[in-house]
Every structure is written in C-alpha cells, then in structure tokens.
2 protein chains.
Amino acid sequence: MSFTDNGKDTATRILDAAEVLFVEHGFEATSLRMITQRAAVNLAAVNYHFGSKEVLFQGVISRRLAPYNQECIEELRQALIDAPHGLSVDSIVAAYLRPAIRLAKDPARGGIIFIRLMSRVFAEPHDSLRDMLPRLYSDVLEAYRAALVKALPHLGSHEVSWRLQFAMGTIFYAFAGNDVARLLSQNNVPGARDPQEIVKHLVPFVVAGLTAPNRPA
Amino acid sequence: MSFTDNGKDTATRILDAAEVLFVEHGFEATSLRMITQRAAVNLAAVNYHFGSKEVLFQGVISRRLAPYNQECIEELRQALIDAPHGLSVDSIVAAYLRPAIRLAKDPARGGIIFIRLMSRVFAEPHDSLRDMLPRLYSDVLEAYRAALVKALPHLGSHEVSWRLQFAMGTIFYAFAGNDVARLLSQNNVPGARDPQEIVKHLVPFVVAGLTAPNRPA
DNA sequence: CCACAAATCAAACGATTGTTTGAAACATAC
DNA sequence: GTATGTTTCAAACAATCGTTTGATTTGTGG
C-alpha cells in the first residue's frame, strides 16, 4: 500500500483510468490493456486488485455513486428541515440537482466524467450492474418520490411515478452529453456542455413537466 | 434471390436477427456468430451480404429509420395543412409521437424492438453511426424546431433548441424501456411497457416542459 | 444439357480478448 | 540479515472475435 509512482496507489489509478475509458467507449469496447496502459500499471494488476473486469466496473460505479446518493438524500433532508410542511416541486428538483452541480465541478470525485458515466449506465444498465443499481438507487428515488407525492397531492400515486420516471430520464439524458443539439444544422447552442448552464435551462422544463395539469384537453 | 427456407431471404433474416440482438446486448457484445445462429444462416453470410459488422449495423438502422423519419415529416406537413397559421405545442408533440405509436404496433417494421434500438442508438451513438445519424435526423429535427419556434414566439431561438433537446431526451428515454420505475420498491406502474400508455402520460409532461414560462421565480 | 454467375458452406485465418502463471521485486517484522 | 507476506512484472493461456478463403451447391438463361 505504499504510494510508489504518483500520489495514488495502483488500485486508484486503475479506477481513474477505467472511469474515463468506460465513459468514452463503453464497457465492452474498453479493453483491460487500454485501462492498464492509461493507468501506467501492469496488465495483471486489474485481476490482482479487483478479480475481474466486471468487478472493476462495479468498483468504478460504486466508489462514486454511494457517497453521491447519500448526498442527494441529505440535501433533501436539509431542505425538509427548513420547510417541514412540504416542499414545492421547484425546491425538490433544485435539491436533487444541487449535488449534481457540485459533483460536476469537483474533478477529485470524478467530475463531469462520472456524471456522464452515471447517465449512460442508467440509460443502458449492463448486466453486471442490474442487481447493484436498484440497491444503490432505491433509497434516493423513494425519498424524492415521497416528497413529490406530498407536493402534488392532486395527482395519483401512479401518475407521480410516471412523471418521476420522465423527469429522471430528462435529467440523465441532458447530462449524458450526447448532444441532440449537435444534429441541428443551425445554431450551436452556447454552453451546451457546461453543467451549470444545462441546469439553468433544465429546471424550468422539468418542474413544468412535473406540475403539468392532470389531464390536458 | 430465391426464398429458400423461410418467407424471407438471407439478408433480411440477418437484419431481423441483428435488430433483436443489438437491442438486447448492444453492438460490441453481439457477435456475428450469435446473429447468424439466430438467423439460421452461415457465418460468412454476413460479410458476403453486408461486407462487415459495422455496415450491417448501419443497415439495421437505416432500413427502418429513413422511412420512419419521412413519416414524421409527413405527419407534421399534414397537420400544418389543416392549421396553416401555426400549430399548438400540443399538436406538434402529438404529431411527432403518432408515427412512433404506429411503428410500435407494427412488428413487420420492427415494432417496439426497433424503437428501443433507436432510443439507445440516439442516447449512445456508436462511432460507425456518428456520421450517419445527423444526415438522417437533421431534416426531422429542423422541421419540428421550426414549428416549435412559431408556436413559442415568446421564447428565443436558443431556448427553443434547449427545450427541444430536453423533449427529445425525455421521449427517447421513455421509450428506451430501461424502467427507472422498476427501481422503485413500491408500486409497479401498470402498463409501463405499452407504448400507447407511455404516450398518454408522456404528452402532458413534454408539452408542459416545452411551454414552461421563460424564467420562473 | 451446358455455361455462368450467385449464394452457401465448412474451415481456417490472424488478431485481440480476459485471465492465469510463476518468478522477481518490494515492504515489513523479528 | 533473515523470514514472511504483499505487490509487480513479463509471458503465456485458452477462448472468442471479425474476416477470408476456396470448394460446393444452387439458380438462371441460352
């Protein structure tokens, strides 16, 4: 466990390299040789420290996701303290996105790269994560769902679930960085990759969607 | 070109099998041997008929996408004939989703499987499609963007682009079938996989997002 | 029937994959 | 210094990948 080369040990260097490459090429298209080369470690180090490529992938996710989800729950808890009689939809969405902005600005915790990875994993959960993700995510989803049910009492429980699903999709997709906008011939939207800029336009959209009338004409 | 085994020739059988497998496992994780086995054709048939795995992938996409996009444009054109003075946001969203519902109900054109593939390709465009997708999609996006700009005159052009991007993301994500809802411990939402049911809840959400006030408090 | 092109087939190609091996290098404790 | 356990390393492992080959079968037109 001595810090030889860099300031980081071998396992961490592997995690860092894998994080970037997984988000760039996906799980299958990223080889262990690409990872170990970028991390400047021996090829066998992956299987020595993690056991397999799949476990490495789970390690990349869980290293960041568990603390991040905890932060999301804490953010909502704090907001509820200040407003014990229930939060507005606006406050709920803002609370959910605040940790994302903080994380995006903090390269030490993965920054925008991990957010992109998270979005992609969520949009296309790999087999090796199908059992892990629900366990990691269910607490956060349930907390925010409960807050939304309180904020939208005129909607049925099922309808809130529908809209929460849509809202999550919108948010993940917006952060995934795949740029539907780039397909538009005209107008390169300025700041399309800046998380803070994304959130500025995203919040009104999501809030309006969540608070839409129950059955429009 | 004689129809030997089934009612379909070899190239079509390969396309059908690849379509299902690509949606199920992704591009990299789907081997040619899986495809040819499912299609009940010889392994070499893929390279004989298509040239390479990448070209096959492009073939799977373009076979369905080009006619579908044409249908989306035609749907908007028809709606504009009935309302030459401009469409409501509601009508625009409905027009865009109508071809998707028709396609989802038509297994002969790929049905829900192809819609899922389309959503995933859009969320995570493979390298071999990065040049193809913009060309196939730009016409549709530009047509609907123009309609939205007319329907939302109080918004700037950039803001419309932002919201169109969010709306596309919401729609694709909703159809991708990855079920954020399944992560929720409570309440299995009924009909979560039925396209018609999805659209019923999706339209109000997207319309509200698109028509949100410019700068909420 | 024959000639010619199209399509199918089993088999093998070289390359790359994740993983394992066993020795060498390192660290720590006595 | 010696012993012990941990980590690194070059090399090889079997398996699978996409692709190619060359012979064989099939279909078509004269």
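In the block above lies the structure referred to throughout.
Nothing here was measured: the structure is a model prediction, and the numbers come from that model. (Residues numbered from 1 in each chain as written. Chains lettered and ligands numbered in written order. Predicted model: local features only at pLDDT ≥ 70, side-chain atom pairs only at ≥ 80, totals over all residues. Heavy atoms only, no water.)

Assigned secondary structure in chain A consists of nine helices and zero strands. Per-residue burial over chain A gives 55% buried out of 217 residues. At a minimum sequence separation of 6, the contacts of chain A that also span at least 24 residues come to 71%. With the model as given, the accessible surface of chain A reaches about 9700 Å², and the carbon-plus-sulfur share is 54%. (Helix = DSSP H or I, 4+ residues; strand = E, 2+ residues; numbered from the N terminus. Buried < 20%, exposed > 50% of the residue type's maximum accessible area, 1.4 Å probe, protein only. Contact = heavy atoms within 4.5 Å. Areas by Shrake-Rupley, 256 points an atom, 1.4 Å probe, with all protein chains shown as cover.)

On to the packing of aromatic side chains. Residue and element names in this part refer to chain A. Enumeration over the complete set of coordinates arrives at 14 aromatic pairs over all chains. With 4.9 Å between their ring centres and 65 degrees between their planes, Phe22 and Phe57 make a pair best called edge-to-face. Here the residue Phe22 occupies a position in helix H1 (residues 10-25), and Phe57 occupies one in helix H4 (residues 53-82), the gap between them amounting to 35 residues. A relative accessible area of 2% places Phe22 in the buried class. Assessed through its relative accessible area of 5%, Phe57 is described here as buried. Through successive ring pairs, a cluster of aromatic residues spans Phe22, Phe27 and Phe57. The ring of Phe27 is capped by Lys53, whose NZ or CZ atom sits 4.5 Å from the centre of that ring. (Phe/Tyr/Trp six-rings, centres within 6.5 Å; stacked < 30°, edge-to-face > 60°. Lys NZ or Arg CZ within 6 Å of the ring centre and 35° of its normal.)

Taken together, 16 residues lie around DNA strand D, and Thr10, Tyr48 and His49 of chain A together with Arg33 and Lys53 of chain B are the ones closest in. One of the side-chain N or O atoms of Asn42 of chain A is found 3.4 Å from a phosphate oxygen in DNA strand D. Within the residue set of the surface near DNA strand D, elements represented by two or more residues are helix H3 (45-49) of chain A together with helix H2 (32-39) and helix H3 (44-49) of chain B. Within the surface near DNA strand D, the residues separate by chemical class into five nonpolar, eight polar and three charged. (Near = heavy atom within 4 Å. Polar contact = N/O pair within 3.5 Å; in protein donor to acceptor, adjacent residues only side chain to side chain. Nonpolar A, V, L, I, M, F, W, Y, C, P; charged D, E, K, R; others polar.)

Residue Ala40 of chain A is not a glycine yet carries a positive backbone phi of 60 degrees. Inspection of the secondary structure puts Ala40 of chain A in the loop between helix H2 (32-39) and H3.

In terms of nonpolar packing, the biggest core is built from 146 residues, with Leu56 of chain A together with Leu56 of chain B touching the most fellow members. Not counting the four nearest positions on each side in its chain, Leu56 of chain B is found in contact with Ile14, Leu15, Ala18, Leu32, Ile35, Val46 and Phe50 of chain B. (Core = buried A, V, L, I, M, F, W, Y, C linked by side-chain atoms within 4.5 Å.)

Within the structure, DNA strand C sits among 15 residues, and Leu32 and Lys53 of chain A together with Thr10, Tyr48 and His49 of chain B are positioned closest to it. The share of sugar and phosphate among atoms of DNA strand C within 4 Å of the protein is 52%. Between a base oxygen of DNA strand C and a side-chain N or O atom of Arg33 of chain A, the distance comes to 3.0 Å. Within the contact set of DNA strand C, a phosphate oxygen lies 2.3 Å away from a side-chain nitrogen or oxygen of Thr10 of chain B. The biggest single contributor to the surface near DNA strand C is H3 of chain B, with three residues. Each residue belonging to the surface near DNA strand C can be placed in one class, and the counts come to five nonpolar, seven polar and three charged.

In this model, helix H9 (residues 195-210) of chain A (16 residues) spans 21 Å end to end at C-alpha, consistent with the 22 Å of a helix rising 1.5 Å per residue. Within H9 of chain A, the axis deviates most sharply at Leu202 of chain A, by approximately 35 degrees, and proline Pro204 of chain A lies no more than four positions further along. (Expected span 1.5 Å × (residues − 1). Bend = angle between axes of the 7 residues up to and from the residue.)

Residue and element names in this part refer to chain B. If you walk through the whole model with that rule in mind, you get 28 salt bridges over all chains. Put simply, Arg109 and Glu71 hold a salt bridge, and the shortest N to O gap is 2.8 Å. Of this pair, Arg109 sits in the loop between helix H5 (89-104) and helix H6 (111-123) while Glu71 sits in helix H4 (residues 53-82); the two residues are 38 residues apart in sequence, bridging distant segments of the chain. Looking at Glu71, the relative accessible area reads 19%, which means it is buried. (Salt bridge = Lys/Arg side-chain N within 4 Å of Asp/Glu carboxyl O.)

On to helix H1 (residues 10-25) of chain B. All names here are of chain B. Look at H1: 22 Å from first C-alpha to last across 16 residues, which is about the 22 Å you get at 1.5 Å a residue. Inspection of H1 places Arg13, Ile14, Leu15, Asp16, Ala17, Ala18, Glu19, Val20, Leu21, Phe22 and Val23 among the buried residues, and these make up the whole buried set. On its buried face, H1 sits against H2, H3, H4 and H6. Just downstream of H1, Gly26 is the residue with a positive phi angle, here 85 degrees.

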